[in-house]
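So the chains spell out like this:
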Amino acid sequence: MAVKMLGYFERSSVIHQLSGFTKLVIFLLWSSAAMLTYDTRILIILFILSMIIFKLSKVQLKEIRYVLMLILFFLLLNNIAIYLFSPQEGVKIYGSSHELFSIYGRYNLTLEQLFYQFNVTLKYFVVTPVALLFIITTHPSEFAASLNKIGISYKISIAVSLALRYLPDIQRDFRTISQVQQARGVDFSKNEKITKRLKNVVSIMMPLIFSSLDRIDTISQAMELRSFGKHKKRTWYSERPLSKLDWYSLLISIFLFIVIIIVTFHDGSRFYNPFN
Amino acid sequence: MKKSLSIKTIVAIGIGSAVYVILGRFLTIPTGIPNTNIETAIAFLAFIAVLFGPIAGGLIGLIGHALKDILMWGSIWWSWVFVSLFIGFAIGFYAYKVKLEDGVFGKKEIISFNLVQIIVQIIGWGVLAPTLDISIYAEPANKVFTQGLVAALTNIISVGVISTILLISYAKTQSKGSSLTKED
């Protein structure tokens, strides 16, 4: 079960040099902009920008190929589902109908629908590279420090950093438990009936959860002994001061974000309509 | 944040989120209908929310689901992350109703817990998720409502079966609160 999850890659690039705080702010601005806007012109510009940023980071495509395939597969399914459930969504949004050809009943193919689904897909292509880069180029403990810096309580930041720190451990526990149970003859595959599988799954969850509860006890006692939470503030070992590069990138992205919001909402609709 | 956020709660949020990610990533049961799985992560969320209360439950839902999304897909589906937060938070209030640490989780508790989880999940997946999907992502209404209802149904089954078993087993590991009486 060699399943990969995304993680931090050490490398020296401009993107890696940016502080975690800068990357977090840019990531949040970027994904909210891409979430809010349906303006195709903006999405295309953002897409080109995200490709440039990706190039700058020196991350190779093959390093994230597995995740990319998953995303593409999901996008395909989502697009099919949107069409099956609502083949006239585009017509409803753009208020006109240019039929290319008709398939059956209300299932015809319109330019509007194609354009709408193109936009939905494009939104993913805009968000994904930046989000991936954020994960790949930010060290987990720096991530916690930057969460604290944007104003989230340090206790919550520590919780996030604990989660990231213990992911590999718990994944290893999970794998061990699952292999032990399979060696004992517990079947998790399709051959079992679904009710039986539900029960079998519990045989993994039970040890996993109870060992995690023990872990919670151990860690919280250790933290208690070190007087965690005594002061209102704390310092972070991996926090980095903001450099000139950070300030420039922050200013540019905030400016860009404001422009995007103005262009998107100036005519009262999130959609760019090329059909009028 | 409230001052009462104890060290144990903080650690529970961290470890709980990590367990949520692992379960969400590796342990789902396909139902046979394409793209619909029974999520064990939600069952875990309900369980841990009853153990540690609404704040821990809500934050585990938020952090766990957001991390899972970003580590799996590279982007976060905020509307559903918010629903996880809501479910963890709402079911967490049930923590005040039971005395798990006294080893009490009998028939009465099983019924009331399941009533709570069914109501919470119908509101969460059936109403909140689709509404947010439409307002944030402008997805077609009937698509997201179908998705929401399917998710509500599978997650109700998941929590109803798995969380209930987990809670009963957990209660058994705790010593009965009333097993000792004070001497005169």
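Source: prediction; values computed, not measured.

A. Region of the structure containing the overall build of chain A. Each helix and strand in chain A was counted, giving 10 helices and two strands. The helix and strand sequence of chain A, counted from the amino end, reads α-α-α-α-α-β-β-α-α-α-α-α. Computed over C-alpha atoms, the radius of gyration of chain A comes to 24 Å, more than 25% over the 19 Å expected from 2.2 N^0.38 for 276 residues, which places it beyond the range of a compact globule. Its C-alpha atoms put chain A at 70 × 60 × 35 Å along the principal axes. Across the 276 residues in chain A, those meeting the buried criterion constitute 47%. Nonlocal contacts in chain A, meaning residues at least 24 apart in sequence, comprise 76% of its contacts between residues at least 6 apart. Counting 31 positive and 17 negative side-chain charges, chain A places the averaged centre of each group 4 Å from the other.

B. Looking closely at the side chain of Asp39(A). Tracing the backbone shows Asp39(A) in the loop between helix H2 (20–36) and helix H3 (40–56). Here Asp39(A) is in contact with Val263(A), Arg270(A) and Tyr272(A), once residues within four sequence places are set aside.

C. A look at the side chain of Gln121(B). Take Gln121(B): it is sitting in helix H4 (residues 107–137). Leave out the neighbours within four places in its chain, and Gln121(B) touches Ile42(B), Ile87(B), Gly126(B), Ala152(B), Asn155(B), Ile156(B) and Val159(B).

D. Broad picture of unusual backbone geometry. Residue and element names in this part refer to chain A. The backbone of lysine 58 shows a phi angle near 60°, a positive value even though the residue is not glycine. By the secondary structure assignment, lysine 58 is in the loop between H3 and helix H4 (65–85). Judged by its relative accessible area of 47%, lysine 58 is partly exposed. Within the chain, serine 227 stands out as a residue other than glycine whose phi angle is a positive 55°. Looking at the element boundaries, serine 227 is found in the loop between helix H9 (194–225) and helix H10 (244–265).

E. Representation of H3(A) within the structure. Residues and elements named next belong to chain A. Here H3 spans 24 Å end to end across 17 residues, near enough to the 24 Å set by a 1.5 Å rise per residue. Against H2, helix H6 (111–137) and H10 lie the buried residues of H3. A positive phi of about 60° marks lysine 58, the residue just after H3.

F. Summary view of the nonpolar core. Grouped together as the largest cluster of nonpolar side chains are 121 residues, with contacts concentrated most on Met205(A) and Phe113(B). Counting residues per element, this core draws most heavily on helix H2 (residues 40–72) of chain B, at 18 residues. Mapping this core onto the domain boundaries places at least three of its residues in each of domain 1 (11–139 + 241–276) and domain 2 (148–237) of chain A. By size, the runner-up hydrophobic cluster in this structure holds nine residues, among which are Tyr38(A), Tyr94(A), Tyr116(A) and Ala138(B).

G. Structural view of the pairing of strand S2 (residues 107–110) of chain A. All names here are of chain A. With four bridges connecting them, strand S1 (residues 99–104) and S2 associate as antiparallel partners. Note that in S2 the partner of serine 102 across the bridge is asparagine 108. In this antiparallel pair of consecutive strands, S1 and S2, the connection spans two residues, and glycine 105 shows a positive phi of 55°.

H. Geometry of the confidence of the model for chain B. The predicted model of chain B has a mean per-residue pLDDT of 86, with 92% of residues at 70 or higher. Within chain B, no element has a lower average pLDDT than strand S1 (residues 28–30) of chain B, which sits at 80, and none a higher one than helix H1 (residues 7–26) of chain B, at 92.

I. Inspection of the pattern of salt bridges at higher detail. Under the criterion given, the structure shown has 10 salt bridges over all chains. One salt bridge in this structure joins Arg215(A) and Asp173(A), with 2.8 Å as the shortest N-O distance. Here the residue Arg215(A) occupies a position in helix H9, and Asp173(A) occupies one in helix H8 (residues 154–183), the gap between them amounting to 42 residues. Between Glu139(B) and Lys143(B) there is a salt bridge; the shortest N-O distance is 2.5 Å. Like Lys143(B), Glu139(B) is buried. In this structure, a network of salt bridges that share partners links the residues Arg165(A), Asp169(A), Arg172(A), Asp173(A) and Arg215(A).

J. Seen up close, the environment of Val130(A). Residues and elements named next belong to chain A. Take valine 130: it is sitting in helix H6. We classify valine 130 as buried; its relative accessible area is 10%. Separated by 76 residues in the primary sequence, valine 130 and phenylalanine 54 place their C-alpha atoms 7.4 Å from one another. Here valine 130 is in contact with Phe27, Trp30 and Ser50, once residues within four sequence places are set aside.

What counts, and at which threshold
- Residues numbered from 1 in each chain as written.
- Chains lettered and ligands numbered in written order.
- Predicted model: local features only at pLDDT ≥ 70, side-chain atom pairs only at ≥ 80, totals over all residues.
- Heavy atoms only, no water.
- Helix = DSSP H or I, 4+ residues; strand = E, 2+ residues; numbered from the N terminus.
- Rg over C-alpha atoms; globule rule 2.2 N^0.38 Å.
- Buried < 20%, exposed > 50% of the residue type's maximum accessible area, 1.4 Å probe, protein only.
- Contact = heavy atoms within 4.5 Å.
- Lys, Arg positive; Asp, Glu negative; His and termini not counted.
- Charge placed at Lys NZ, Arg CZ, Asp CG, Glu CD.
- Expected span 1.5 Å × (residues − 1).
- Core = buried A, V, L, I, M, F, W, Y, C linked by side-chain atoms within 4.5 Å.
- Domains from an automatic or database assignment.
- Pairing = 2+ DSSP bridges.
- pLDDT = per-residue confidence, 0-100.
- Salt bridge = Lys/Arg side-chain N within 4 Å of Asp/Glu carboxyl O.

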